Amino acid sequence: MPEIAQSSASLRFFGDDLDPVELTRLLGGKPTYAIKKGDFHTYPPNRPPRIALTGFWRLSSGYEAGDQLDRQIADILATLTSDLSVWAALVLRLKVDMFCGVWLGEESRGLDLTPQTLQKLGERGIKLGLDIHHDLPEAD
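Asker: I keep staring at the overall build of the protein and nothing clicks. Help me out?
Answerer: Helix and strand content of the protein: 4 helices and 8 strands. Its helices and strands in sequence order give the protein the pattern β-α-β-β-β-β-β-α-α-β-α-β, from N to C terminus. For 140 residues, the compact-globule estimate of 2.2 N^0.38 gives 14 Å, and the C-alpha radius of gyration of the protein, at 16 Å, lies within 12% of that figure. Along the first, second and third principal axes, the C-alpha set of the protein runs to 45 × 40 × 20 Å. Across the protein, contacts joining residues at least 24 apart in sequence account for 76% of those joining residues at least 6 apart. Total accessible area on the protein stands at roughly 8200 Å², and carbon and sulfur atoms take up 54% of it. Mean positive and mean negative side-chain charge positions of the protein (15 and 20 charges, respectively) differ by 9 Å.

Asker: Looking at this structure, I do not really get the nonpolar core. What am I missing?
Answerer: What tends to happen in soluble globular proteins is that the nonpolar side chains get buried as a cluster. Formed by 26 residues in total, the largest nonpolar core has its most connected members in L11, F13, I73 and M98. Elements that contribute at least two residues to this core include exactly β1 (4-15), α1 (20-27), β5 (55-60), α2 (69-78), α3 (84-93) and β7 (95-104). Tallying contributions element by element places β7 first for this core, with 5 residues. Residues within four places of I73 in sequence aside, it is in contact with A9, M98, C100, L113, T117, L121 and L128.

The rules behind each value
- Residues numbered from 1 in each chain as written.
- Predicted model: local features only at pLDDT ≥ 70, side-chain atom pairs only at ≥ 80, totals over all residues.
- Heavy atoms only, no water.
- Helix = DSSP H or I, 4+ residues; strand = E, 2+ residues; numbered from the N terminus.
- Rg over C-alpha atoms; globule rule 2.2 N^0.38 Å.
- Contact = heavy atoms within 4.5 Å.
- Areas by Shrake-Rupley, 256 points an atom, 1.4 Å probe, with all protein chains shown as cover.
- Lys, Arg positive; Asp, Glu negative; His and termini not counted.
- Charge placed at Lys NZ, Arg CZ, Asp CG, Glu CD.
- Core = buried A, V, L, I, M, F, W, Y, C linked by side-chain atoms within 4.5 Å.
- Buried < 20%, exposed > 50% of the residue type's maximum accessible area, 1.4 Å probe, protein only.

Shown next as structure tokens:
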């Protein structure tokens, strides 16, 4: 069976009233990137500074070789609060997803997520998004 060449996962929160400091405190973990609506930011790095149109908080796994997606998702969730009442309040107020990239080494390949990881996403009300590519991303 063809191999998954690379994967990445990012837990993302979006919202006009998103306060990165408050969200970091509630989740108990630091983001990879966060911005408050109305603040200036320069992400992605090659773009000129601009005003954030909404609040954004992201915790990313980074890119890893092979089929690591299940572990990447589980690792992200393990660094944050397990208090489901906190998650329930957040998903009512903010848009939340686990956005994942998968790069295939060959054309046809499947991947698996364990029941435990799927349960953790479901308990927290986190939508799973998969962006599947055949070619590897270009190096910066």
